[in-house]
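# Examining the three-dimensional arrangement
Letter by letter, the chains look like this.
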Amino acid sequence: MHSQPVGRGSRPTRRAVLGTIAGLAAAGVAGGYAWDHLGHGSGGSDDRTGTAADGTGAGPSARATGPHTFERLSAPDRTVVRAADGGTLATFTDGARTAVLTGPNRTFSEPRTTEAKVSTDAWVRVLPHEWQPGMEKSAWFKGWFRKALGDTSPDVFAVAFEYSSAGAPDKHNAAGVRYAGTAHFGPRNAKVNNPLDFAYHDEQSDFYDYLGIDWTFPDGTRVQPEQDRYGDVDCSGFQRLVWGYRMGIPLHNTNTRGAGLPRRAFAIAAYGPGRLVIPDTGTQPTDLGALQPGDLVFFAIIKDRPNFIDHCGMYMGLDDQGRHRFYSSRSAANGPTLGDLSGRSLLDGTDFYARGFRAARRL
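Note that the structure is a prediction, hence the values are computed from the model and not measured.

### Re the overall build of the protein chain
- In terms of helices and strands, the protein chain carries eight helices and 17 strands.
- Expressed as a percentage of the 363 residues in the protein chain, the buried residues total 55%.
- In the protein chain, of all internal contacts separated by at least 6 residues, the share reaching a separation of at least 24 is 60%.
- By element, 51% of the accessible surface of the protein chain is carried by carbon and sulfur atoms, the whole surface being about 14600 Å².

### Details of empty space enclosed by the protein
- Tallied over the entire structure, the rule returns one cavity of 30 Å³ or more.
- In this model, the largest cavity occupies a volume close to 40 Å³.
- In this structure, the largest cavity is lined by Leu101, Thr102, Gly103, Pro104, Trp123, Arg125, Ala148, Leu149 and Asp151.
- Secondary structure elements with two or more residues in the lining of the largest cavity: strand E6 (98-109), strand E7 (117-126) and helix H3 (139-149).
- In terms of residue count, E6 provides more of the lining of the largest cavity than any other element does, four residues in total.
- Among the residues making up the lining of the largest cavity, the classes are represented as five nonpolar, two polar and two charged.

Criteria and cut-off values
Residues numbered from 1 in each chain as written. Predicted model: local features only at pLDDT ≥ 70, side-chain atom pairs only at ≥ 80, totals over all residues. Heavy atoms only, no water. Helix = DSSP H or I, 4+ residues; strand = E, 2+ residues; numbered from the N terminus. Buried < 20%, exposed > 50% of the residue type's maximum accessible area, 1.4 Å probe, protein only. Contact = heavy atoms within 4.5 Å. Areas by Shrake-Rupley, 256 points an atom, 1.4 Å probe, with all protein chains shown as cover. 1 Å grid on protein atoms, 1.4 Å probe; cavity = no way out; pocket = protein on both sides within 12 Å on 5 of 7 lines; lining within 4 Å. Points joined across faces, edges and corners; volume = space filled by probe spheres on them. Nonpolar A, V, L, I, M, F, W, Y, C, P; charged D, E, K, R; others polar.

As structure tokens, then:
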């Protein structure tokens, strides 16, 4: 439940779209980040935006309409749908609502903050129920899967990039709420002078701050947005905005166990829905083979608290250098970014975030 927007249309100057967008537009950029619209060249509707690499084969269009089989795999336990040629059509993980389907290839980049690009034929969808073995025989799944295989409407990654800090067009619903458009991390922290410092923009902005609306959680708790945080989401607030407000996964307003996504990164890692695919052992994981696009990834990046999870992002897959890249809302980029300001957005190697990488959860 929610009420009318607060402070809409009066955003401070600091929330203005950053200046590189006009130049990028001439190169085929939608919303400040370049993307290849279903493999047909850059440009097009802002509703068709990026995702990450994981699928196999030369394209799903012919394979999707042909015969397919269901295979059970482990680590994690999951059901994989194979086309007649053996290519992967979809992956469904036990206990999770995240589904990854093979679809048309998409490429996106963020030239403002990185030279890296991510191309993929993986489309991340949210199931209406947590997956359990044998669900492929159910009536709801047969109808859902038949539609999903050919669906090119916005998936989880497309929705996430509707908030790109590099510039994304505003979208409003019938009630006048701006539900998408360029997001920023948080208000300017006057005590910090270095724009690359992690505290240069203040955290603590949740999805309802971005939206500028009151929100009532399932337990009856009602919260109000802070007007000076309108259009802002910190790292966990961004994931709640995408997976909760937009994709329908339940939300709650505590950092304890409960139905849906809790508030803070450490609580999502420990108590969130779905299942852990990489548990937190207190050290950087070296085996990333269990990851798939859309997994939430978690980091311990506070110098004096090396074992405390204080940042989260969304795994995108491999970039054009073969590196494991993620997308998160960060202070240095002042909002959602796949870029490398104040630390490269990588899970592997010895860069800052890679050293702090600790765990992954599939919602």
